[in-house]
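Summary of the model geometry
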Amino acid sequence: MTHNPSVALLGAGIMGAAMGRNILAAGHELRVWNRTAEKARPLADGGAVLAADPADAVRGADVVITMLGDASHVLAVMERAADGLAAGQVWAQMTTAGIEQDQALAFAAAHGTHFVDAPVSGTRQPAEQGQLLVLAAGSPEARTIVQPVFDAVGRATRWVADDAADLPASRLKLVLNSWVLAVTAGAAEAVALARGLGVDPKAFLDVVSGGPLDQPYLRAKAAAILAEEWTPAFSVANAAKDADLIAAAAADAGLRLDVAAAAGARMRRAVEAGHGDADMAANYLVSFEQ
Ligand SMILES: NC(=O)c1ccc[n+]([C@@H]2O[C@H](COP(=O)([O-])OP(=O)(O)OC[C@H]3O[C@@H](n4cnc5c(N)ncnc54)[C@H](OP(=O)(O)O)[C@@H]3O)[C@@H](O)[C@H]2O)c1
């Protein structure tokens, strides 16, 4: 059993960089690679080794984490890592990549790596505080190895199955994000409607305050909108990507989800309007464009 597994982190964006800091703080050896090397540099100041390429990052690591934008990045980066992989390594795939990951699963099997389906719930701040909720599926052997790493980045791990093949954790993540999208688009539209109707948005928040319609996520997104604070916790571009993943999964399941489709269209419109890198609360801005 590996008590203090060494880690290779592929991806140092908003989430990866925050997770990397907590992995270092928990005392794991960390090698990190990011397409844009400057973003990984602060982790080097904290003791991580910056790898020149993905293969260099994963060589000798007990656990490989992918925290990239989408499934296509994951596959492309892991293909670049292939030379450094060895049978028996655990691959924790933490990117929100949906349920079309057949190529990643086949890649893992071909290289003898233990694939753990492990998307996360929680955004920038919980990631920085090591308070993510890790949703995970993987073999008991892989669990034993990867658990200390999940403990470093999260407040808890919700193991949903022993078999990652059907991506049960990614399925749960899509369900969760359909809710996130509905609330975020709904919060933005309620504030926009208030403004359009000459109602003080704070009056809306006062009316729901403390009742069954109130909720922390509405508060957080409404506060960001009212302050015009668009620093991304979760970008509009990633929200649009998740809406597409939800739509594809729903269509495969024979479902028609109108709210998810509308939220996706709204997020894509926000990307086209130049807000892709802003926080997804910025979908508010497209309320005022015809
Ligand atoms: N932020 C959140 O609240 C949150 C919460 C839960 C889950 N997630 C999910 O976690 C994942 C990462 O999110 P994030 O917020 O950290 O996103 P992000 O800040 O946009 O980071 C994306 C990462 O993917 C890399 N990347 C993008 N395109 C690439 C390509 N073609 N080849 C190689 N690398 C590429 C980026 O590299 P560069 O730095 O070079 O661009 C960066 O490391 C996403 O799947 C997201 O949906 C996010």
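Residues numbered from 1 in each chain as written. Predicted model: local features only at pLDDT ≥ 70, side-chain atom pairs only at ≥ 80, totals over all residues.

1. Let's talk about the overall build of the protein
Note the cut-off: Segments assigned H or I by DSSP are reported as helices when at least four residues long, segments assigned E as strands when at least two residues long, and all are numbered from the N terminus. For the exposure call, what matters is how many other C-beta atoms sit within 10 Å of a residue's own: 20 or more marks it buried, 12 or fewer exposed, and in between partly exposed, using C-beta atoms placed from the backbone. With C-beta atoms placed from the backbone, a contact is any residue pair whose C-beta atoms sit within 7 Å.
Across its full length, the protein carries 12 helices and 9 strands. The dimensions of the protein, computed from C-alpha atoms along their principal axes, are 60 × 45 × 35 Å. Taking all 290 residues of the protein together, the buried fraction comes to 48%. Long-range contacts, defined here as pairs at least 24 residues apart, represent 64% of the contacts in the protein between residues at least 6 apart.

2. Quick notes on the packing of helix α8 (residues 168-196) against helix α10 (residues 216-227)
Under the convention used in this document: To define axes, lines are fitted to C-alpha atoms, for helices over the stretch in contact only, and angles between the resulting N-to-C directions are given on a 0 to 180 degree scale. Just so you know how the angles are binned, under 35 degrees is roughly parallel, over 145 roughly antiparallel, 65 to 115 roughly perpendicular, and the rest oblique. Crossings are sorted by hand: turned counterclockwise from the far helix by less than a right angle, the near helix makes the crossing left-handed, and turned clockwise it makes it right-handed. Residue type decides the class: Asp, Glu, Lys and Arg count as charged, Ala, Val, Leu, Ile, Met, Phe, Trp, Tyr, Cys and Pro as nonpolar, and the leftover types, Gly among them, as polar.
Where α8 contacts α10, the axes come no closer than 9 Å and their chain directions differ by 50 degrees. Taken together, the axes of α8 and α10 are oblique relative to one another. As α8 runs across α10, the sense of the crossing is right-handed. Across from V183, T184, A187, A188 and V191 in α8, the residues of α10 making contact are Y217, L218, K221, A222 and I225. Taken together, the residues of the contact of α8 with α10 sort by class into 8 nonpolar, 1 polar and 1 charged.

3. Considering the site of the ligand
The line we're drawing: In this entry, near means the residue's backbone-placed C-beta atom lies within 6 Å of the molecule or strand. Throughout the structure description, domain borders are defined by an automatic or database domain assignment.
Close to the ligand lie 26 residues, the nearest being G13, R35, T36, T123 and F234. For the shell around the ligand, the per-class residue count stands at 10 nonpolar, 12 polar and 4 charged. Formed jointly, the shell around the ligand draws a minimum of three residues from each of two domains, domain 1 (7-166) and domain 2 (171-288).

4. Some thoughts on the domain arrangement of the protein
Here the protein is described as being made up of domain 1 (7-166) and domain 2 (171-288). Using C-alpha coordinates to define each centre, domain 1 is positioned 27 Å away from domain 2. Of the residues belonging to the side of domain 1 that touches domain 2, the class tally is 5 nonpolar, 6 polar and 3 charged.

5. Thoughts on the environment of E79
The residue E79 is located in helix α4 (residues 71-81) in this model. Classification of E79 as partly exposed rests on a count of 13 C-beta atoms within 10 Å. Here the alpha-carbon distance between E79 and P54, two residues 25 residues apart in the chain, equals 8.7 Å.

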